[in-house]
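Summary of structural features
Given next are the chains, with one letter for each unit.
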Amino acid sequence: MRLSVLMAILFASVFAAVAPAPRAAAPIRVMLLDGANNHDWKATSPVIKRILDEAALFTTTTVTVDNADLNTFQPDWSLYGVVVLNYNTGIGGDAPEWLPETKRSFERYVSGGGGVVSVHAADNGFAKWPEFNEMIGVGGWGNRDERSGPYWYFKNDKIVTDTAPGRAGSHGARLPFQVVVRDGRHPITSGLPAAWMHHNDELYATLRGPGKNMTILATAYSDQTQRDEPILMALTYGTGRIFHTAEGHDVAAMSSIDFVATLQRGTEWAATGHVTQKVPAAIPADRNAVVYRADLLRMDPNLGRK
């Protein structure tokens, strides 16, 4: 752990001096949607925005929508190349829903080529909306069960679809865990190490859903289920692309260098179908080293209180 702290502080110091130079191409317009979540979106959305802005590829607009305002939430999705969801309206069976016309317009946006990024608890939401669950592939909580689709995981290095009955969604204590790449040919994971350590986070397990047009990019072994659970996924819905990361419970999790790199790469891919970014040198070759951004961790308003 001492090595990890030293590496994190070193990277945070060096990063400011080697921030990416501005790119000539027009920036990708990003909607960062928040305002409702069973997680602390007020703490994490500024971190997501900073991570995206640092890539010098995106211009990010935060759209904050309280559940009380859903009857007037009818955005023009076409203004954006990609929608990043740090958002859900709740995880109970009685969670409020978007207006039907808002749902239909979002479906048209994605099927017509719009990009989506689902961050952590975004996959807890909209359990009763079939098209949304097709977009994200798998989800948890929200009264999801075998009617929502099978469990998806890896066993003996092979993907398993498990139709056993049971509720969807679980996690253990927030701890570091190792992420293993399952598809290194995909633009998001191409060039990344075969495995790395992720900083303290909830390791989502027992996710289930239709898994249609879903590629599991990376998994993590859950001591709770004793199987390799999907952590990073890429999907298509019509001509639209979706990057689904189960990482990102809080600021500490988002400070992990792998979260930074995969969020930037996944957002670019969801918007364009390509990844032009180089693999950050700070991602360690040592698969047992935990590396996080101390500057991002200091953005946590709850730092020192936990």
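My aim in this report is to walk through the structure given alongside it, one point at a time. (Residues numbered from 1 in each chain as written. Predicted model: local features only at pLDDT ≥ 70, side-chain atom pairs only at ≥ 80, totals over all residues. Heavy atoms only, no water.)

Digging into the overall build of the protein chain
For clarity, the cut-off: The way it works is that DSSP assigns letters per residue, a run of H or I at least four long becomes a helix, a run of E at least two long becomes a strand, and they are numbered from the N terminus. Radius of gyration here uses only the C-alpha atoms, and the compact-globule reference equals 2.2 Å multiplied by the residue count raised to the power 0.38. Only protein chains enter the accessibility calculation, which uses a 1.4 Å probe. A residue is then buried if its area is under 20% of the maximum for its type, exposed if over 50%, and partly exposed in between. It only takes one pair of heavy atoms within 4.5 Å for two residues to be counted as in contact.
Across its full length, the protein chain holds seven helices and 11 strands. Taken against the 2.2 N^0.38 rule, which gives 19 Å for 306 residues, the C-alpha radius of gyration of the protein chain at 18 Å falls within 12% of a compact globule. Across its three principal axes, the protein chain shows a C-alpha extent of roughly 50 × 45 × 40 Å. Per-residue burial over the protein chain gives 57% buried out of 306 residues. Sequence-distant contacts, at least 24 apart, represent 72% of the contacts inside the protein chain between residues at least 6 apart.

Some words on the packing of helix α2 (residues 41–54) against helix α6 (residues 257–272)
Threshold: What counts as an axis is a line fitted to C-alpha atoms, over the stretch in contact for a helix, and the angles between N-to-C directions run from 0 to 180 degrees. Note on terminology: angles under 35 degrees are roughly parallel, angles over 145 are roughly antiparallel, angles of 65 to 115 are roughly perpendicular, and the others are oblique. Crossings are assigned a handedness: left-handed for a near helix turned anticlockwise from the far helix by less than a right angle, right-handed for a clockwise turn. Put simply, Ala, Val, Leu, Ile, Met, Phe, Trp, Tyr, Cys and Pro go in the nonpolar bin, Asp, Glu, Lys and Arg in the charged bin, and everything else, Gly too, in the polar bin.
For the pair α2 and α6, the least separation of the axes is 9 Å and the interaxial angle reads 65°. Put simply, α2 runs roughly perpendicular to α6. Relative to α6, the crossing made by α2 is right-handed. Contacts between α2 and α6 involve Ile48, Ile51, Leu52 and Glu54 from the first element and Phe259, Val260, Leu263, Gln264 and Thr267 from the second. When grouped by side-chain class, the residues that make up the contact of α2 with α6 number six nonpolar, two polar and one charged.

Looking at the side chain of Arg144
Operational definition: His is not counted, nor are the chain ends; Lys and Arg add positive charge and Asp and Glu add negative charge. Think of a salt bridge as a Lys or Arg side-chain nitrogen and an Asp or Glu carboxyl oxygen that are within 4 Å of each other. Under this definition, polar contacts are N or O atom pairs within 3.5 Å; protein pairs additionally need one hydrogen-donor-capable and one acceptor-capable atom, and for neighbouring residues in sequence, both atoms have to be side-chain atoms.
Structurally, Arg144 is set in the loop between α4 (130–136) and β5 (151–155). Nearest to the buried, unbridged Arg144 among oppositely charged side chains is Asp123, at 6.3 Å. A polar contact of 3.4 Å, which involves the side chain of Arg144, links it to the backbone oxygen of Asp123. Separated by 2.7 Å, the side chain of Arg144 and the backbone oxygen of Gly125 make a polar contact. Contact partners of Arg144, with chain neighbours within four places excluded, come to Asp123, Asn124, Gly125, Phe126, Ala127, Asn133, Ile136, Gly139, Gly166, Arg167, Ala168 and Arg208.

Here's the deal with the pairing of strand β11 (residues 240–245)
Heads up, the condition is: Two strands pair if DSSP finds at least two bridges between them.
Across the six residues that make up β11, a large majority, six, are buried. Here β11 shows no split at all, with Gly240, Ile242 and His244 on one side and Arg241, Phe243 and Thr245 on the other all buried. As paired strands, strand β4 (residues 115–119) and β11 are joined by five bridges and run parallel to one another. Across the sheet, the residue bridging to Val117 is Phe243, located in β11. Bridging between strand β10 (residues 227–237) and β11 involves six bridges; their strand directions are antiparallel. Paired with Leu232 across the strands is Thr245, a residue of β11. Where β10 hands over to β11, the hairpin turn is made up of two residues, of which Gly238 adopts a positive phi near 65°.

Quick notes on the nonpolar core
Applied cut-off: By nonpolar core we mean a set of buried residues, namely Ala, Val, Leu, Ile, Met, Phe, Trp, Tyr and Cys, connected to one another through side-chain atoms within 4.5 Å.
Ranked by internal contacts, the top residues of the largest apolar core, which has 79 residues, are Leu33, Trp98 and Phe106. Among the elements that make up this core, the one with the highest residue count is α6 (eight residues). Look past the residues within four positions of Phe106 in its chain and what remains in contact with it is Trp77, Val83, Trp98, Val116, Trp129 and Met135.

Concerning the environment of Ala220
One can find Ala220 in strand β9 (residues 214–222). As for Ala220 and Leu232, which are separated by 12 residues in sequence, their C-alpha atoms are 9.4 Å apart. Among all residues touching Ala220, those that are not within four sequence positions of it are Phe177, Gln178, Leu203, Arg227, Asp228, Glu229 and Ile231.

So, the packing of aromatic side chains
To be explicit about the condition: Here a Phe, Tyr or Trp ring, Trp counted by its six-membered ring, pairs with any other such ring whose centre lies within 6.5 Å, and the pair is stacked when the planes are under 30 degrees apart, edge-to-face when over 60, and tilted otherwise. Whether a charge lies above a ring is judged from NZ of Lys or CZ of Arg, which has to be within 6 Å of the ring centre and within 35 degrees of the ring normal.
Evaluated as defined, the whole model comprises 16 aromatic pairs. Ring geometry for Trp98 and Phe106: centres 5.6 Å apart, planes at 90°, overall edge-to-face. The two residues Trp98 and Phe106 agree in class, both being buried. Seen from their ring centres, Phe126 and Phe132 are 5.2 Å apart, and the 70° between their planes marks the pair as edge-to-face. Like Phe126, the residue Phe132 is buried in the burial classification. Directly above the ring of Tyr80 sits Arg29, whose terminal nitrogen or CZ lies 5.8 Å from the centroid. The ring of Tyr153 has Arg227 lying over it, and the distance from NZ or CZ to the ring centre is 4.0 Å.

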